[in-house]
Amino acid sequence: MFKKFTGILNSAVEALAPNASPVDNFTFHWKAVTSFFMEHRDAKSPIEETNIPTHLQNMIDILIYEEQQDDSGSTGPCMEYLLHHKLLETLYTIGRADCPPGMKQKVLLFFTSLLSKIKQPLLPHVNVFKAVHKLIRVCGEIKASPTEVEEMQFLCTVCAKLKAHPHVVNFFLEEARSSAANISAKADSNAQEFGLVDALLSMSYSADSRVAMKCCEGLILLTSLPEDAAATAILDHTKFLHEITTWLNTAYNHLPRSIDPAVVDGVEARWGIDHIKMSEAAFPGQRHIVNFLSLFDYCNILIKEAHSKISKALVLAIRKQFLEPAMKPDLLKDSEEQFIAPSAYLAKVLQFVNTDLLNQEMSNFIFEVDLESDLRSLSRTLIERCDDPSEMVGTAVPSSILYICTQ
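What counts, and where the lines are drawn
- Residues numbered from 1 in each chain as written.
- Predicted model: local features only at pLDDT ≥ 70, side-chain atom pairs only at ≥ 80, totals over all residues.
- Heavy atoms only, no water.
- Axes fitted to C-alpha atoms, helices over the stretch in contact; angles between N-to-C directions.
- Helix = DSSP H or I, 4+ residues; strand = E, 2+ residues; numbered from the N terminus.
- Parallel < 35°, antiparallel > 145°, perpendicular 65-115°, else oblique.
- Left-handed = near helix turned anticlockwise from the far one by under 90°.
- Contact = heavy atoms within 4.5 Å.
- Phe/Tyr/Trp six-rings, centres within 6.5 Å; stacked < 30°, edge-to-face > 60°.
- Buried < 20%, exposed > 50% of the residue type's maximum accessible area, 1.4 Å probe, protein only.
- Lys NZ or Arg CZ within 6 Å of the ring centre and 35° of its normal.
- Expected span 1.5 Å × (residues − 1).
- Polar contact = N/O pair within 3.5 Å; in protein donor to acceptor, adjacent residues only side chain to side chain.
- Nonpolar A, V, L, I, M, F, W, Y, C, P; charged D, E, K, R; others polar.
- pLDDT = per-residue confidence, 0-100.
- Salt bridge = Lys/Arg side-chain N within 4 Å of Asp/Glu carboxyl O.
- Core = buried A, V, L, I, M, F, W, Y, C linked by side-chain atoms within 4.5 Å.

The interhelical angle for the contact between helix α6 (residues 103-117) and helix α7 (residues 126-138), taken along N-to-C directions, is 135°, at an axis separation of 12 Å. Considering their axes alone, α6 and α7 lie oblique with respect to each other. Relative to α7, the crossing made by α6 is left-handed. Together, Lys 104, Leu 108, Phe 111 and Leu 115 of α6 and Val 128, Ala 131, Val 132, Leu 135 and Val 138 of α7 make up the contact between the two elements.

A separate point is the packing of aromatic side chains. On inspection of all chains with the given rule, the structure shows 11 aromatic pairs. When the centroid spacing of 6.1 Å and the interplanar angle of 90° are considered together, the rings of Phe 111 and Phe 154 count as edge-to-face. Residue Phe 111 is located in helix α6, and its partner Phe 154 is located in helix α8 (residues 148-164); the two are separated by 43 residues in the primary sequence. The buried category is assigned to Phe 111, whose relative accessible area is 1%. We classify Phe 154 as buried; its relative accessible area is 0%. Measuring from ring centre to ring centre gives 4.8 Å for Trp 271 and Tyr 298, while their planes differ by 40°; the resulting arrangement is tilted. With a gap of 27 residues between them, Trp 271 in the loop between α14 (261-265) and α15 (286-305) and Tyr 298 in helix α15 connect regions that are remote in the sequence. Positioned over the ring face of Tyr 252 is Arg 257, at 4.4 Å from the centre of the ring.

Turning our attention to helix α11 (residues 209-223). Helix length check: α11 (15 residues) gives 21 Å between terminal C-alpha atoms against 21 Å at 1.5 Å per residue, within 8%. Within α11, burial applies to Val 211, Ala 212, Met 213, Cys 215, Cys 216, Gly 218, Leu 219, Ile 220, Leu 222 and Thr 223. For α11, the N-terminal capping position is held by Asp 208, with its side-chain oxygen 3.0 Å away from the main-chain nitrogen of Arg 210.

Before going further, it helps to examine the packing of helix α16 (residues 308-331) against helix α18 (residues 356-367). Between α16 and α18, the shortest axis-to-axis distance is 10 Å and the interhelical angle comes to 35°. Both α16 and α18 take part in a crossing whose hand is right-handed. Where α16 approaches α18, its residues Ser 311, Lys 312, Val 315, Leu 316, Ile 318, Arg 319, Leu 323, Glu 324, Lys 328 and Leu 331 are matched on the opposing element by Leu 357, Leu 358, Glu 361, Met 362, Asn 364 and Phe 365. Residues belonging to the contact of α16 with α18 are distributed by class as follows: 9 nonpolar, 2 polar and 5 charged.

Moving on: the environment of Phe 367. In this structure, Phe 367 sits in helix α18. Phe 367 sits 10 residues away from Ser 377 along the chain, and the two C-alpha atoms are 7.3 Å apart.

Attention shifts here to unusual backbone geometry. Cis geometry is adopted by the peptide bond preceding Pro 100, which originates at Cys 99 and carries an omega value of 5°. Residues other than glycine seldom take positive phi values, yet Lys 86 does so here, at roughly 55°. If you trace the backbone, Lys 86 turns up in the loop between α4 (77-84) and α5 (87-97). Look at Lys 86 and you get partly exposed, because its relative accessible area is 44%.

Turning to the confidence of the model for the chain, a few remarks are in order. Per-residue pLDDT for the chain has a mean of 85; in total, 82% of the residues score no lower than 70. Low pLDDT, under 50, characterises residues 12-17; the stretch is placed with 2 contacts to residues that sit more than four places away or in other chains. Contacts from residues 275-279, a stretch scored under 50 in pLDDT, to residues over four places away or in other chains number 7 contacts.

What follows concerns the pattern of salt bridges. Within the structure shown, the criterion is met by 11 salt bridges. Between Glu 141 and Arg 96 there is a salt bridge whose closest N-O contact spans 3.2 Å. Of this pair, Glu 141 sits in the loop between α7 and α8 while Arg 96 sits in helix α5; the two residues are 45 residues apart in sequence, bridging distant segments of the chain. Between Arg 319 and Glu 361 there is a salt bridge, and its shortest N-O distance comes to 3.1 Å. Here the residue Arg 319 occupies a position in helix α16, and Glu 361 occupies one in helix α18, the gap between them amounting to 42 residues. Classification of Arg 319 by relative accessible area gives buried; the value is 7%. What makes Glu 361 buried here is its relative accessible area of 12%. Residues participating in the shared-partner salt-bridge network are Arg 319, Glu 324, Lys 328 and Glu 361.

Here we come to the side chain of His 29. Relative to the elements of secondary structure, His 29 occurs in helix α2 (residues 22-39). Among the polar contacts listed, one links the side chain of His 29 to the side chain of His 55, at a separation of 2.9 Å. In contact with His 29, other than residues within four places in its own chain, are His 55, Asn 58, Met 59 and Ile 62.

Further remarks concern α5. Helical periodicity: at 3.6 residues per turn, an α-helix aligns residues three or four positions apart in one direction. All of the buried residues along α5 are Leu 87, Leu 88, Glu 89, Leu 91, Tyr 92, Ile 94 and Gly 95. Contacts made by the buried residues of α5 are with α2, α3 (52-69), α4, α6 and α7. Taken from the residues just after α5, Asp 98 is the one with a positive phi, measuring 50°.

Quick look at the nonpolar core now. By size, the foremost hydrophobic cluster in this structure holds 122 residues, and its most contacted members are Phe 154 and Phe 194. Excluding anything up to four places from it in sequence, Phe 194 contacts Val 169, Phe 172, Leu 173, Leu 222, Ala 230, Ala 233, Ile 234 and Thr 238.

This paragraph deals with the environment of Ile 220. Looking at the secondary structure, you find Ile 220 in helix α11. When its relative accessible area of 13% is taken as the criterion, Ile 220 is described as buried. Taking the C-alpha atoms as reference, Ile 220 lies 7.9 Å from Ile 301; in sequence the two are 81 residues apart. Ignoring any residue separated from it by four or fewer positions in sequence, one finds Ile 220 in contact with Trp 271, Tyr 298, Ile 301, Leu 302 and Glu 305.

Structure, rendered in structure tokens:
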């Protein structure tokens, strides 16, 4: 009760305070935030029971107003105060502790609002990108975090800023830290990590499909940056390729193994469209087929939009880490019951291919003869099946695969 009365009293004092300059108001709100933490070091009450959210929002409003009043594009006194006194570093520290409960969420929202609503480029400032970089590292740390929506919004805002100003990405490439998971970093003193990609990959596993999808969109933005250093960091010092092929393998393993090829051919799916709920599925396994095809379509988009170095590496990874070890053995099985469904999935996947790089790699996968493998030629097997007396085997699947590949 006393805390509530104190909050009301403080709000009344603020309302009755005489008009002050924007910088005076800005520092007043900031000092109100820091004073709270000096007086309440172990606050247990939720952040909503304090005036901190109001003070932080007022600070953002003042910064926006200050920028709107100055058409020269120069840094105003309030922004200078924020930069010089390292306010973002302090906010990161108190947000990391999440004390009082909910403080991390408010800090994420503050960073997101600052980066998205202020037009002048802030990321090149050392006291901005350092704090942003630290905050990126805490995103995706906790699975199903209560702040994962705010974490996603913050990460995607940074991605959008880097897309608009690609050269700034160099501030976000760190010297790789030696670890068991990154042995190559020990041998390469110039190795650079890209923590933003790691955070997006981690959050792409969110159970919230909206969060997962937005993180995948962020990956498209980062892989499409023209900076060679960023492309190298993504390929050599993140799990980007591994995660993409893992998604494909996982989705493929959930596909039904007994299904009419005509049913598969009739499935429509595009990445970005909400997944079908189990109750809405027209037939068993439809949701899994849609998920698999959507992922392949996402790979199409990545290959089309990404830096050329990343595109080439991704198509090769899809073949070597997914097509060869997962699909090929199933396609070469002798039993009709075992190879019909995989053949139908391959035929459907080929309909999705709309990039020259992936089309070429898919053709290589089907027509190349691997002299080092004990497996017989895939194209030869498919051609032989075209003469099969069974209508389903002889025409429905193998011929459609060969037809698509020769276009």
